[in-house]
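# Structure assessment
What follows is the residue order along each chain.
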Amino acid sequence: RKEVEQDPGPFNVPEGATVAFNCTYSNSASQSFFWYRQDCRKEPKLLMSVYSSGNEDGRFTAQLNRASQYISLLIRDSKLSDSATYLCVVNMEYGNKLVFGAGTILRVKS
Amino acid sequence: EPEVTQTPSHQVTQMGQEVILRCVPISNHLYFYWYRQILGQKVEFLVSFYNNEISEKSEIFDDQFSVERPDGSNFTLKIRSTKLEDSAMYFCANQGAVNSPLHFGNGTRLTVT
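Here is a short report on the structure shown in this document. None of the values given here were measured: they were computed from a predicted structure. (Residues numbered from 1 in each chain as written. Chains lettered and ligands numbered in written order. Predicted model: local features only at pLDDT ≥ 70, side-chain atom pairs only at ≥ 80, totals over all residues. Heavy atoms only, no water.)

Turning our attention to the nonpolar core. Residues F21(A), W35(A), I71(A), L73(A), I75(A), Y86(A) and L106(A) are the most contacted members of the largest nonpolar core, which totals 25 residues. Of all the elements in the fold, those that place two or more residues in this core are β3 (19–25), β4 (33–38), β7 (60–65), β8 (70–75), β9 (84–91) and β11 (104–109) of chain A. Non-local contacts of L73(A), meaning those with residues more than four positions away in its chain, are made with V19(A), A20(A), F21(A), W35(A), L47(A), M48(A), F60(A), T61(A) and Y86(A). With 22 residues, the next largest nonpolar core counts L21(B), C23(B), F75(B) and C92(B) among its residues. (Core = buried A, V, L, I, M, F, W, Y, C linked by side-chain atoms within 4.5 Å. Buried < 20%, exposed > 50% of the residue type's maximum accessible area, 1.4 Å probe, protein only. Helix = DSSP H or I, 4+ residues; strand = E, 2+ residues; numbered from the N terminus. Contact = heavy atoms within 4.5 Å.)

Okay, the packing of aromatic side chains next. For the structure shown, the criterion picks out 18 aromatic pairs over all chains. Their ring planes at 50° and their centres at 4.9 Å tell us that Y25(A) and F33(A) sit as a pair that is tilted. Here the two residues Y25(A) and F33(A) agree in accessibility, since each one is buried. Summarising the aromatic geometry, the rings of Y35(B) and F104(B) are spaced 5.8 Å apart at their centres and angled 55° between planes, so their arrangement reads as tilted. On the criterion of sequence distance, the pair formed by Y35(B) in strand β4 (residues 31–37) and F104(B) in strand β10 (residues 103–104) is long-range, its members being 69 residues apart. (Phe/Tyr/Trp six-rings, centres within 6.5 Å; stacked < 30°, edge-to-face > 60°.)

Residues and elements named next belong to chain A. Relative to β7, strand β6 (residues 55–57) runs antiparallel, the two sharing three bridges. In the strand pairing of β7, N55 is matched with A62. The turn linking β6 back onto β7 is made up of two residues, and G58 within it adopts a positive phi angle of 65°. Across six bridges, the pairing between β7 and β8 is antiparallel. Of the residues in β8, the one forming a bridge with A62 is L73. Counting the residues in the hairpin turn of β7 and β8 gives four residues, including Q69, whose phi is positive at 55°. (Pairing = 2+ DSSP bridges.)

Of the residues lining the interface, 21 residues belong to chain A; the matching set on chain B comes to 21 residues. Between chain A and chain B, roughly 1,700 Å² of surface is buried when both sides are summed, and carbon and sulfur atoms account for 54% of that area. Three residues stand out in chain A for area buried against chain B, namely R41(A), N96(A) and F100(A), and they jointly supply 34% of the buried area on that side. Counting across the interface, chain A meets chain B through zero salt bridges. Along the contact surface separating chain A from chain B lie five residue pairs in polar contact (both at pLDDT 80 or more). (Buried area = accessible area lost by both parts, 1.4 Å probe. Salt bridge = Lys/Arg side-chain N within 4 Å of Asp/Glu carboxyl O. Polar contact = N/O pair within 3.5 Å; in protein donor to acceptor, adjacent residues only side chain to side chain.)

What follows is the structure, encoded as structure tokens:
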């Protein structure tokens, strides 16, 4: 099983749609979870951390399910500017190594 | 917001040459990382560095690679003898504390010909 796994997509959605991505991780002892976005040929940028109780930042909601070892990202009212690759990042128990998923491509169309 | 700065933005080199990629991290952030991303592929962990020594490294980080903080400020990645397959974006990242998010530099695009 891969350390961090994501559906590559692409997800093609119209403006205003709600879209959700999942990410599964292999290490049950992982403690830190993040969602990053990456625009073409740019560096990853932090979108939000993911907390045990779930958290929301504007149109974005992140959830953690430890029992099933996955995290999710929900985007409401999609904007054209949300088009990007969304990267799931999880730390591994051993050391402070943060591992990236391969990313999920989102394309929001007008 | 404090930034991580990488230089150069683009480096072209011939196979077998040595390259040094440079990173100026956020001050007071003590955990340093190098990641690479081959075009069209995922972001891959190379190495983590804390307290002036490597804390963890991946299988990719073989004897051709080395890291150091030569002056207590800049953080460098050296590739001793570049290969064609080293062509990639190399990202430096900084972390303020364990379990906190990574802050990335804007990357160095390395092209090995």
